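If you want the building blocks of each chain, they are given just below.
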Amino acid sequence: MSDYSVETQILSLDPHQPEPQIISRAAEVLNAQGLVAFPTETVYGLGANALDEIAVDRIFAAKQRPFYDPLIVHISRKIDIDFVAQSIPEIAYVLAARFWPGPLTLVLKRHERVAPNVSAGLGTVAVRMPNHLIPLKLIEAAGVPVAAPSANLFTRPSPTSAQHVLDDLGGHVDLILDGGPCPIGLESTVLDLTAEHPTILRPGGAPAEALSEIIPDLILPSAKPFKDDTNAKPSPGMMLKHYSPKAKFLLFKGSSRNATEKVVEIARGLIAQGYKVGLMVTDEDHPQFVGMKAEIERLGSRQDLAGIGKILFARMRSLDKKGVDFILMRSLPSEGLGLAIGDRLFKAAEQQVIDLDSEKNLSNFFRFF
Ligand code: TXA
Ligand code: MG
C-alpha cells in the first residue's frame, strides 16, 4: 500500500440537481482507479471502485486506516444488493424496501466480485444505498459499486462538509464533490445480518426503535465496559485518540439539578490552571456559561437530537481549530438518534464518562489536575 500525492480538485454542485457534466467527470476519476470524496445524507464518503483492489487500497493509504477495518459498499439501486452480496436472507430485502435509500448499512455474505480488501479479507460485505442524489448519480454514471468509508483521517471525527474533507485529505484525494453540509451528520446504522440474530454493530442514522419494529429479535450494540475507574493513573495511553477531537474530551453525565453548575465549576477550575477550555452546550444549559473565558459552541436544544446530530462533528472540529486543551460536554438523552450521538461522544471521550452525581467519582477524576 503506497499513498500517492495528487492535486486535489474541488467541484461544487447542486445536491438536488447535480450537474451531469460534473458527475461524468467524477465517474471518470473512479473508473481510472482514482479517489472521489462526495457528500451523503450521513457524512462525506471517500469513494473508490469497489471491484478494483488497487483503487480500494488507495482509500486505506489516504486515510491512514488500518487494513483490518472493512469499508461500506455503496449502491445506487436496491437490486444491486444481489450484485455485491450473495445468500441474502429475506429480511435484507424487507429492510431495503423500508429503509433504502437511507442511513442503514447491511452486513451480508460478500460476492467474490467485490474486491477482498474492501472487507478486510472477511467473507462479509457491508452494503448501503445512500439517500443523496450526488452519490446515487455518481454510482450510476460510474457503473460500479463504490466502496467508501467516512472521508476523514483515521482517528478524526467524520466530515460533514467539503472543507472538513479538504482539511484531512487535501493532496490525497483526486476530487472532492462539494454538495454542501450533510443533512444527518452522523454515520449510518450498521446492522449485521450474518449473525444468528440481526445485530446492530454501530448505532447511527436509522434509529434502533424503527429497526426493532421490523426485527423482533434485534440485538442492540453490546454495552462496552465503562472505564469508570478514575483511580487509574493518567498515562500516555489516556491521551491516545480513537475517534475523537485532538483535545481531551470530557463527557459528563448527571441528572441532579445542579449538574450544569458542577460543569461550570470544573470548567472554571481548568481555566484557572491555565488550560484553554472548549464547551459544547445546549440552549438549556447555555445561560449558566455566559461570560466564561472559554470557547463555547452552541448545540441547540437538547430536545432536538436531529439538530444536534447534524452539527456535532463540525463543532468538535471547530473547537480543535481553536486549539483548546479540553472539550467539556454533558451527555444527552439516549432515545432515537440519541443512541448514535451517545456512542460517538463515548468514543470521543475514550470510553470514560464522569458521573456528576457521584462525589467520589468526581474527586477521583480531578486528582489528575
Ligand atoms: O454513513 C456511513 O456509513 C458513511 C457514509 C460515507 O456512507 N460511511 C462510514 O464508513 O461511516 P466507515 O468506514 O467510516 O464506517 C464503516 C463501519 C466501520 O465501523 C466498519 O467496521 C463497519 O462499518 N463495517 C464495514 N464492513 C463491515 C463488515 N463486513 N462487517 C462488519 N462491519 C463492517
Ligand atoms: Mg469512519
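Scroll up to find the structure this text is about.
Note that the structure is a prediction, hence the values are computed from the model and not measured.

In this section: the site of ligand 1. Lining the immediate surroundings of ligand 1 are 22 residues, of which Thr 42, Asp 69, His 74, Ser 150 and Ser 188 lie closest. Measuring from an oxygen atom of ligand 1, one finds a side-chain N or O atom of Arg 128 at 3.0 Å. Protein burial of ligand 1: of its 680 Å² of free accessible surface, 88% is covered by the chains. If you list the elements that add at least two residues to the shell around ligand 1, you get β4 (72–74), β7 (124–128) and β11 (199–202).

Here we have five strands laid out as an open sheet, ordered β14-β13-β15-β12-β16, and parallel in their pairing. Among the strands making up the open sheet, the edge pair consists of β14 (295–298) and β16 (353–355). Between one strand and the next, the sheet's axes are offset by a mean angle of 25°, whatever the strand orientation. The pairing of strand β12 (residues 248–253) with strand β15 (residues 326–330) spans five bridges and is classified as parallel. Paired with Phe 252 across the bridge in β15 is Arg 330. Running at roughly 130° to β12, helix α10 (residues 338–348) makes contact with β12, β15 and β16 of the sheet.

The next point concerns the environment of Pro 207. With respect to the element layout, Pro 207 can be found in the loop between β11 and α7 (208–214). Each C-alpha atom, one on Pro 207 and one on Tyr 44, is 20 Å from the other, the two residues being 163 residues apart in sequence.

Before going further, it helps to spend a moment on empty space enclosed by the protein. Rolled over the atoms, a probe with the dimensions of a water molecule shows which regions are left empty. Applying the stated criterion to the full structure yields two cavities of 30 Å³ or more. Around the largest cavity, the lining residues are Val 263, Leu 279, Met 280, Val 281, Thr 282, Asp 285, Phe 289, Leu 328, Met 329, Arg 330 and Leu 332. Elements with a contribution of two residues or more to the lining of the largest cavity: β13 (277–281) and β15. Looking at the lining of the largest cavity residue by residue, the class counts come to eight nonpolar, one polar and two charged. Roughly 40 Å³ of volume is contained in the second largest cavity.

Attention shifts here to the pattern of salt bridges. Summed over all chains, the structure comprises 17 salt bridges. Residue Glu 41 pairs with Arg 128 through a salt bridge whose shortest N-O separation is 2.8 Å. With a gap of 87 residues between them, Glu 41 in the loop between β2 (36–38) and β3 (45–49) and Arg 128 in strand β7 connect regions that are remote in the sequence. Exposure remark for Glu 41: the relative accessible area of 3% places this residue in the buried category. In this structure, Arg 298 and Asp 283 form a salt bridge, with 3.2 Å as the shortest nitrogen-oxygen distance. Within this pair, whereas Arg 298 is found in strand β14, its partner Asp 283 is found in the loop between β13 and β14, the two being separated by 15 residues in sequence.

So, how was this worked out
Residues numbered from 1 in each chain as written. Chains lettered and ligands numbered in written order. Predicted model: local features only at pLDDT ≥ 70, side-chain atom pairs only at ≥ 80, totals over all residues. Heavy atoms only, no water. Near = heavy atom within 4 Å. Polar contact = N/O pair within 3.5 Å; in protein donor to acceptor, adjacent residues only side chain to side chain. Areas by Shrake-Rupley, 256 points an atom, 1.4 Å probe, with all protein chains shown as cover. Helix = DSSP H or I, 4+ residues; strand = E, 2+ residues; numbered from the N terminus. Pairing = 2+ DSSP bridges. Axes fitted to C-alpha atoms, helices over the stretch in contact; angles between N-to-C directions. Contact = heavy atoms within 4.5 Å. 1 Å grid on protein atoms, 1.4 Å probe; cavity = no way out; pocket = protein on both sides within 12 Å on 5 of 7 lines; lining within 4 Å. Points joined across faces, edges and corners; volume = space filled by probe spheres on them. Nonpolar A, V, L, I, M, F, W, Y, C, P; charged D, E, K, R; others polar. Salt bridge = Lys/Arg side-chain N within 4 Å of Asp/Glu carboxyl O. Buried < 20%, exposed > 50% of the residue type's maximum accessible area, 1.4 Å probe, protein only.

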